[in-house]
Amino acid sequence: LELGVEIADGAPAEGPAAVAMWLFDGSVETLPGGYDKGELSPNSPVKALKSFPQDLVLVGRSSILIKGLSNRLQIPWSLSKEWAPIARRTLEGNTKQSAVVAKGGKENKIRIRDVMKLLKTWGRGKASRAIGRLPSPMRTKVAAVALRLQKRREAREARK
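Treat the numbers as computed from the prediction; the structure is a model and nothing was measured.

This part is about the environment of Ala-11. Take Ala-11: it is sitting in the loop between strand 1 (6-7) and helix 1 (15-24). In this structure the C-alpha to C-alpha distance between Ala-11 and Leu-49, which are 38 residues apart in sequence, comes to 8.0 Å.

Okay, structure coming up:
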């Protein structure tokens, strides 16, 4: 699984493991490669990183915040231990699904109704964003039309 984390040139081989343990495993007392647990330490595992994807920054910061709180309250906590059962179920599900497909099963078949539902949701989101960008008087008119259409639908359903 590639997440977009890049390791700095010349970083020790233990660098990636130290970064992962530092971010996601609060139960670890010492980090591999002699890294310090302090983020601002000159020997911090952050030094082993060349780049870190923006998508993971919030996860990392949240994890560090929770680790700090749990340490302060003396409650042992590890994100990796919390996520482990979910990850195992996901991996097992992927393995089972691959086995079903390999045996000729139809488990992985795409259904047109699922595609249409996805397309409808996508279209509503796009329309909503487009309407949100309209000037206020136009948004009011669009809302009035949408309200009239909704009332017509409800009247038709009431007749049935």
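A few words now on the side chain of Ser-70. Residue position: Ser-70 is located in helix 2 (residues 54-72). Residue class for Ser-70 comes out buried when judged on its relative accessible area of 8%. Residues contacting Ser-70, with those up to four places away along its chain left out, are Ile-75 and Trp-77.

Further remarks concern the packing of aromatic side chains. Applying the stated criterion across every chain, the model contains 1 aromatic pair. Note on Phe-24 and Trp-83: the rings are 6.1 Å apart at their centroids and 35 degrees apart in plane angle, and the pair reads as tilted. Here Trp-83 lies in helix 3 (residues 79-102) and Phe-24 lies in helix 1, a separation of 59 residues in the sequence. Residue Trp-83 is classed as partly exposed on the basis of its relative accessible area, which comes to 44%.

Right, let's get into the side chain of Ser-63. Mapped onto the elements, Ser-63 comes out in helix 2. Those residues in contact with Ser-63, other than ones at most four positions away along the chain, are Leu-23, Phe-24, Trp-77 and Leu-79.

Our next topic: helix 2. Between its terminal C-alpha atoms helix 2 stretches 28 Å, which fits the 27 Å expected from 19 residues at 1.5 Å a residue. Residues of helix 2 that are buried: Leu-56, Val-57, Gly-60, Ser-63, Lys-67 and Ser-70. Down the axis of helix 2, the smallest arc covering the buried residues is 165 degrees, so these residues share one side. In helix 2, the exposed positions that point more than 90 degrees away from the buried face belong to Gln-54, Leu-58, Arg-61, Leu-65 and Arg-72. One or two steps after helix 2, the chain reaches Gln-74, where phi turns positive at roughly 55 degrees.

Moving on to a positive patch on the surface. Taken together, the side chains of Lys-120, Arg-124, Arg-148, Arg-152, Arg-153, Arg-156, Arg-159 and Lys-160 make up a positively charged region of the molecular surface. Of all elements in the fold, only helix 4 (112-132) and helix 5 (136-159) reach the threshold of two or more residues within the positive patch. Its location among the elements puts Arg-148 in helix 5.

Model confidence for the protein is summarised by a mean pLDDT of 82, while 89% of its residues fall at 70 or above. Mean pLDDT across the elements of the protein ranges from a minimum in helix 3, with 73, to a maximum in helix 5, with 91.

Here we take up the nonpolar core. Judged by nonpolar contacts, Ala-18, Val-19, Trp-22, Leu-23, Phe-24, Val-28, Leu-31, Tyr-35, Ala-48, Leu-49, Trp-77 and Leu-79 together constitute the single largest core of 12 residues. When residues of this core are assigned to their parent elements, the largest contribution, 5 residues, is made by helix 1. Apart from residues lying up to four places away in sequence, Trp-77 is in contact with Gly-26, Ser-27, Ser-63, Ile-66, Lys-67, Ser-70 and Glu-82.

So, about the packing of helix 1 against helix 2. The interhelical angle for the contact between helix 1 and helix 2, taken along N-to-C directions, is 60 degrees, at an axis separation of 8 Å. Classified by the angle their axes make, helix 1 and helix 2 are oblique. Counted together, Met-21, Trp-22, Leu-23 and Phe-24 of helix 1 and Val-59, Gly-60, Ser-63, Ile-64 and Lys-67 of helix 2 form the full contact between these two elements.

Calculation rules
Residues numbered from 1 in each chain as written. Predicted model: local features only at pLDDT ≥ 70, side-chain atom pairs only at ≥ 80, totals over all residues. Heavy atoms only, no water. Helix = DSSP H or I, 4+ residues; strand = E, 2+ residues; numbered from the N terminus. Buried < 20%, exposed > 50% of the residue type's maximum accessible area, 1.4 Å probe, protein only. Contact = heavy atoms within 4.5 Å. Phe/Tyr/Trp six-rings, centres within 6.5 Å; stacked < 30°, edge-to-face > 60°. Expected span 1.5 Å × (residues − 1). Arc of directions from axis to C-beta. Patch = residues over 30% accessible without salt bridge, like charges linked within 9 Å, V, L, I, M, F, W, Y side chains within 5 Å. Areas by Shrake-Rupley, 256 points an atom, 1.4 Å probe, with all protein chains shown as cover. Salt bridge = Lys/Arg side-chain N within 4 Å of Asp/Glu carboxyl O. Lys, Arg positive; Asp, Glu negative; His and termini not counted. Charge placed at Lys NZ, Arg CZ, Asp CG, Glu CD. pLDDT = per-residue confidence, 0-100. Core = buried A, V, L, I, M, F, W, Y, C linked by side-chain atoms within 4.5 Å. Axes fitted to C-alpha atoms, helices over the stretch in contact; angles between N-to-C directions. Parallel < 35°, antiparallel > 145°, perpendicular 65-115°, else oblique.

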